[in-house]
Amino acid sequence: MKKIFYLFILLALFSTFSLLYAAPTNYTYNYDFWLEQVASPDAYRAGAYILGSALGIGHFRDPQGLFIRDNRIYICDSGNNRIIKIEVQENGEYHVAETVSSVIINGEESSFNYPMDIFENRNGDLYIADTNNNRVLKLDFNWNFISTVEKPDDESLGDFTDFLPVKLVVDFANRLFIQARNVNKGLMEFDSRGEFSGYMGANKVSVNIIDYVWKLLSTQAQKERMDLFIPTEYSNVAMDKDGFIYASNSTGQTEPVRRLNAMGQDILIRNGYEKPVGDLVVGNAGGIAGRSRFIDVVAFDNDSYACFDRTRGRIFMYDFQGNLLYAFGGVGNREGSFLQPTALDRMGYSLFALDSRAGALTRFDLTGYGAMINKALDEYKAGRYESSAVVWEEVLKMNGNYDLAYIGIGRAALRQGEYQKAMRYYKLKHYREGYGKAFQLYRKVWTEENLWKILLISGIVIFTPLIVRKSIKLYKEIKEA
């Protein structure tokens, strides 16, 4: 009887140990001021792994495009030349609403040929990058044909022959922006009538000074064998709630993520420890080497944004100032990892990541820790700075090593005019820019409050020697008289 009792106790202890020390769904981390990885609680955890076979439509084959609007998920199943529309039911189940592989144009059926992207505008119209058919299709919500955008007849297009649209977005004025393969002048812009308007937001050319000097000294034959200093193509585009375009670049030769205004100017804020470039320290581990290469980006309503890294299969989340909130994911077959990252989108705060090699869509859901970080950002963006600081305090209770919580409290204190408190929190995490700003404002306030003391002391310092000299001189004159 005692043996059974001890065995029961042992099993109970083992179960408790397993629950306490169970491995997290993902390895989540951040970087500190010294650019060292610091592990943190999971901000997101894999909530669902969606396969075509589980949906009853056969395996996805090399899916390339993903778009989400409300409860509708569109997947460009490129290898199968079809587009899948999935609706998320109120009970959380995934229902295949439609599987579309062709469209009727002028009474004739026209099949898709490797469609790579789809976008639904606010009116419900659908835009499809039908890549290998060299066209963009505009359809209504019921997949009825409206119009086609094909290669423009314009001299500015240069020498490229094939019009291969791969990614696209549509703004509030129904202007169409297309990233076409082999086009490095930026996004191709078309007006609401489908007329070509020009290019916008070309990537800046990154020139290495050593390569530039070497090219100046090289012969013509050597120059022809060198790489040209030309802009690079974007890897993906997305649109935020305000109509700004987020564009990712996977070449590693320029800014990996940009936020473009209507003029094509990059207005992304980069005030973090480092620019939003993914992993800051890169090495060769598990046969994977090199810097992060963003294959997609998605923006949230609080102006934070997530970038999908093709190199190591990680998702990097940044706030509106360019601070890294956290990173998670990886390359592999385990839950929450990827074989070949392809596309990223969101439904509310849940993230959906598409893996072309695995032919799968993974849903990531916020944890309590991640929700608390989002709440702090939301409160700050809404101007409720005191409430934001309170939430950041709660985040610190969950993760005492989270630098951004200290910076967040300092930022809220700065907005409330508590400059000394802001300086104290900024100093704790070596945030020099914030500390300098807080100190400048504190110095101004202190000077204004103590101006009379400064003037009094200055007067004493200036006039006391004069008075003393006059007094001594007068004393001597009286004594001699």
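Residues numbered from 1 in each chain as written. Predicted model: local features only at pLDDT ≥ 70, side-chain atom pairs only at ≥ 80, totals over all residues. Heavy atoms only, no water.

**Observations regarding the nonpolar core**
Step number 1: By size, the foremost hydrophobic cluster in this structure holds 43 residues, and its most contacted members are Leu 351, Trp 392 and Tyr 402.
Step number 2: Tallying contributions element by element places helix H7 (residues 403–415) first for this core, with seven residues.
Step number 3: Ignoring any residue separated from it by four or fewer positions in sequence, one finds Trp 392 in contact with Ile 373, Ala 376, Leu 377, Tyr 402, Leu 404, Ala 405, Gly 408 and Ile 409.
Step number 4: Val 103, Phe 119, Val 183 and Met 200 belong to the second-largest nonpolar core, a separate cluster that totals 39 residues. (Core = buried A, V, L, I, M, F, W, Y, C linked by side-chain atoms within 4.5 Å. Buried < 20%, exposed > 50% of the residue type's maximum accessible area, 1.4 Å probe, protein only. Helix = DSSP H or I, 4+ residues; strand = E, 2+ residues; numbered from the N terminus. Contact = heavy atoms within 4.5 Å.)

**As for the packing of aromatic side chains**
Two numbers describe a pair of aromatic rings. These are the distance of the centres and the angle of the planes.
Step number 1: All told, the structure shown has 25 aromatic pairs when counted by the stated rule.
Step number 2: Geometrically, the ring pair formed by Phe 196 and Tyr 199 is edge-to-face, given 5.5 Å between the ring centres and 75 degrees between the ring planes.
Step number 3: Classification of Tyr 199 as partly exposed rests on a relative accessible area of 24%.
Step number 4: Arranged with centres 5.8 Å apart and planes meeting at 15 degrees, the rings of Phe 320 and Tyr 380 form a pair that is stacked. Taken together, the positions of Phe 320 in the loop between strand E23 (314–318) and strand E24 (324–329) and Tyr 380 in helix H5 (residues 368–381) put the pair 60 residues apart, joining distant regions of the chain.
Step number 5: For Phe 320, a relative accessible area of 13% corresponds to the buried category.
Step number 6: Note on Tyr 380: relative accessible area 11%, which makes it buried.
Step number 7: The ring of Phe 320 carries the charged tip of Lys 381 above its face, separated from the ring centre by 4.7 Å.
Step number 8: Directly above the ring of Tyr 380 sits Arg 411, whose terminal nitrogen or CZ lies 5.1 Å from the centroid. (Phe/Tyr/Trp six-rings, centres within 6.5 Å; stacked < 30°, edge-to-face > 60°. Lys NZ or Arg CZ within 6 Å of the ring centre and 35° of its normal.)

**Remarks on the packing of helix H6 (residues 385–398) against H7**
Step number 1: Look at H6 against H7: their axes get within 9 Å of each other, and the N-to-C directions meet at 160 degrees. Taken together, the axes of H6 and H7 are roughly antiparallel relative to one another. The crossing of H6 and H7 is left-handed. Touching Tyr 385, Ala 389, Trp 392, Glu 393, Val 395 and Leu 396 of H6 are Leu 404, Ala 405, Tyr 406, Gly 408, Ile 409, Ala 412 and Arg 415, all from H7. (Axes fitted to C-alpha atoms, helices over the stretch in contact; angles between N-to-C directions. Parallel < 35°, antiparallel > 145°, perpendicular 65-115°, else oblique. Left-handed = near helix turned anticlockwise from the far one by under 90°.)

**A word on the sheet that holds strand E20 (residues 257–260)**
Step number 1: Read across the open sheet, the three strands follow the order E18-E19-E20; overall the sheet is antiparallel. The strands lining the two open edges of the sheet, one partner per strand, are strand E18 (236–239) and E20. Sheet twist, expressed as the average angle between the axes of neighbouring strands with direction ignored, equals 20 degrees. (Pairing = 2+ DSSP bridges.)

**Let's talk about helix H10 (residues 451–480)**
Side chains three or four residues apart in an α-helix point the same way, a direct result of the helix having 3.6 residues per turn.
Step number 1: Taking 1.5 Å of rise per residue, the 30 residues of H10 would be expected to cover 44 Å, and the 43 Å separating its terminal C-alpha atoms lies within 8% of that figure.
Step number 2: Of all the bends found along H10, the most pronounced is centred on Phe 463 and spans about 35 degrees, while Pro 465, a proline, follows it within four residues. (Expected span 1.5 Å × (residues − 1). Bend = angle between axes of the 7 residues up to and from the residue.)

**Some words on the side chain of Asp 125**
Step number 1: Counting through the fold element by element, Asp 125 comes out in the loop between strand E10 (115–120) and strand E11 (126–130).
Step number 2: Buried within the structure, Asp 125 lacks any salt-bridge partner; Lys 138 is the closest side chain of opposite charge, at an N-O distance of 4.3 Å. (Lys, Arg positive; Asp, Glu negative; His and termini not counted. Salt bridge = Lys/Arg side-chain N within 4 Å of Asp/Glu carboxyl O.)

**So, the environment of Glu 90**
Step number 1: The topology assignment puts Glu 90 in the loop between strand E6 (82–88) and strand E7 (94–100).
Step number 2: On the basis of relative accessible area, Glu 90 is assigned to the exposed category, the value being 90%.
Step number 3: A sequence separation of 19 residues divides Glu 90 from Asn 71, and the C-alpha atoms of the two residues are 9.2 Å apart.

**Regarding helix H8 (residues 419–428)**
Step number 1: Burial in H8 covers these residues: Tyr 419, Ala 422, Met 423, Tyr 425 and Tyr 426.
Step number 2: Immediately beyond the C-terminal end of H8, within one or two residues, lies His 430, with a positive phi of roughly 55 degrees.

**Regarding the packing of H5 against H6**
Step number 1: Direction vectors running N to C along H5 and H6 enclose 160 degrees, while the axes themselves pass 8 Å from each other. Classified by the angle their axes make, H5 and H6 are roughly antiparallel. Every pair of crossing elements has a handedness; the one defined by H5 and H6 is left-handed. Across the interface between the two elements, Gly 368, Tyr 369, Met 372, Ile 373, Lys 375, Ala 376, Leu 377, Glu 379 and Tyr 380 from H5 touch Tyr 385, Ser 387, Ser 388, Val 391, Trp 392, Glu 394, Val 395 and Met 398 from H6.
Step number 2: Class assignment of the residues belonging to the contact of H5 with H6 gives a composition of 11 nonpolar, three polar and three charged. (Nonpolar A, V, L, I, M, F, W, Y, C, P; charged D, E, K, R; others polar.)

**Points about the sheet that holds strand E16 (residues 187–190)**
Step number 1: The strand order across the open sheet formed by four strands is E14-E15-E16-E17, and the pairing between neighbours is antiparallel. Sheet topology places strand E14 (165–170) and strand E17 (196–200) at the edges, where each strand pairs with a single neighbour. Between one strand and the next, the sheet's axes are offset by a mean angle of 25 degrees, whatever the strand orientation.

**Focus: the pattern of salt bridges**
Step number 1: This model, assessed by the stated rule, comprises 23 salt bridges.
Step number 2: Note that Arg 45 is salt-bridged to Asp 42, the shortest N-O span being 3.1 Å.
Step number 3: By relative accessible area, Arg 45 is classed as partly exposed at 41%.
Step number 4: On the accessibility criterion, Asp 42 (6% relative accessible area) is buried.
Step number 5: One salt bridge in this structure joins Asp 240 and Arg 259, with 2.8 Å as the shortest N-O distance. Taken together, the residues Asp 240 in the loop between E18 and strand E19 (245–248) and Arg 259 in strand E20 connect sequence positions 19 residues apart. Arg 259 shares its class with Asp 240; the two are buried.
Step number 6: One salt-bridge network, in which partners are shared between bridges, spans Glu 255, Arg 258, Asp 266, Arg 270 and Lys 275.

All quantities given are derived from atomic positions and should not be read as evidence of function.
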